[in-house]
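Chain by chain, the residues run as shown.
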Amino acid sequence: MARITRRQLTNLLGALGVVVTLAGLAFGLPALDRSLPSQRPVPSDQPYPIGAGVTVVPPAGSTVDLTGTRPGTQEGKALFRLGPVQYEIDVRPFEGDLTTAAERLRKRITGTPGYQVTGAQLGVTTADGLAGVQGSYTAPGRGGRYAVYVTDRLTIEITISGADLDLGRSLPLIENSARTLRRDGDSP
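Residues numbered from 1 in each chain as written. Predicted model: local features only at pLDDT ≥ 70, side-chain atom pairs only at ≥ 80, totals over all residues. Heavy atoms only, no water.

**Concerning the sheet that holds strand E3 (residues 54-56)**
Sheets are built from strands paired through backbone hydrogen bonds, the pairs being either parallel or antiparallel. An order of E2-E3-E11 is seen for the three strands of this open sheet, with the pairing classed as antiparallel. At either margin of the open sheet sits one strand with a lone partner, and together these are strand E2 (48-51) and strand E11 (182-183). Relative to E11, E3 runs antiparallel, the two sharing two bridges. Residue Thr 55 lies in a different strand from E11, and its bridge partner there is Arg 182. (Pairing = 2+ DSSP bridges. Helix = DSSP H or I, 4+ residues; strand = E, 2+ residues; numbered from the N terminus.)

Written as structure tokens, this is what we have:
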């Protein structure tokens, strides 16, 4: 019968330690991730940083969806939920004017099967004086609004979507929030 040497035993224990560590990472981290909520309440009395120095005060009662939120220094994205209504703000670098930015957003909306832009575009202004355009769109079983602003070589796109009844209830709160949109001039 073969004997196990001390060195072989040390190697075996080391290998088992590596396997246990990898199993913990492979199964433990996803389990921990699933146990943490993806949505967190946000204060409705403070600006929420989206990215590139852009902030917004979220609507009262909303949550931020961490699976769709990516803040950054050059660009960023925030996904808020007000009940079943989704309120998304994207900030990206952009070289162009407001008309081009609005066309680009409308094309992206209508590029999704079943989505179509409805009605005319209207001018909109934030409380800070940032001018943009807004419009509406429809999708199967859903309605939506969009707005786009251009400032300091950035485009700020807002999309709001939800079932018509839910959207009608939440829209005044979201529109008030969108008016608080602001770009801090000292940011990169």
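**Here's the deal with the sheet that holds strand E1 (residues 39-41)**
Sheet architecture is open: eight strands sit in the order E1-E4-E5-E6-E10-E9-E8-E7, paired in antiparallel fashion. Whereas interior strands pair on both sides, the edge strands pair on one side only; in this sheet they are E1 and strand E7 (116-125). Strand-to-strand twist of the sheet, defined as the mean angle between neighbouring strand axes without regard to direction, takes the value 20°. Here strand E5 (residues 76-82) pairs with strand E6 (residues 85-93) via seven bridges, running antiparallel. Along E6, the bridge assignment pairs Arg 81 with Gln 86. Here helix H2 (residues 98-110) sits on the sheet and contacts E6, E7, strand E8 (131-139), strand E9 (142-151) and strand E10 (154-162); the angle it forms with E9, its principal contact strand, is near 155°. (Axes fitted to C-alpha atoms, helices over the stretch in contact; angles between N-to-C directions. Contact = heavy atoms within 4.5 Å.)

**Topic: the packing of aromatic side chains**
One pass over the full model with this rule turns up three aromatic pairs. Between Tyr 48 and Phe 80 the ring centres are 5.3 Å apart and the planes differ by 75°, which places this aromatic pair in the edge-to-face class. Taken as a pair, Tyr 48 in strand E2 and Phe 80 in strand E5 lie far apart in primary sequence, 32 residues in all. Their ring planes at 25° and their centres at 5.9 Å tell us that Tyr 115 and Tyr 137 sit as a pair that is stacked. In this pair, Tyr 115 sits in the loop between H2 and E7 while Tyr 137 sits in strand E8, placing the two residues 22 residues apart along the sequence. Judged by relative accessible area, Tyr 115 falls into the partly exposed class, the value being 28%. Tyr 137 sits in the buried class, given a relative accessible area of 7%. (Phe/Tyr/Trp six-rings, centres within 6.5 Å; stacked < 30°, edge-to-face > 60°. Buried < 20%, exposed > 50% of the residue type's maximum accessible area, 1.4 Å probe, protein only.)

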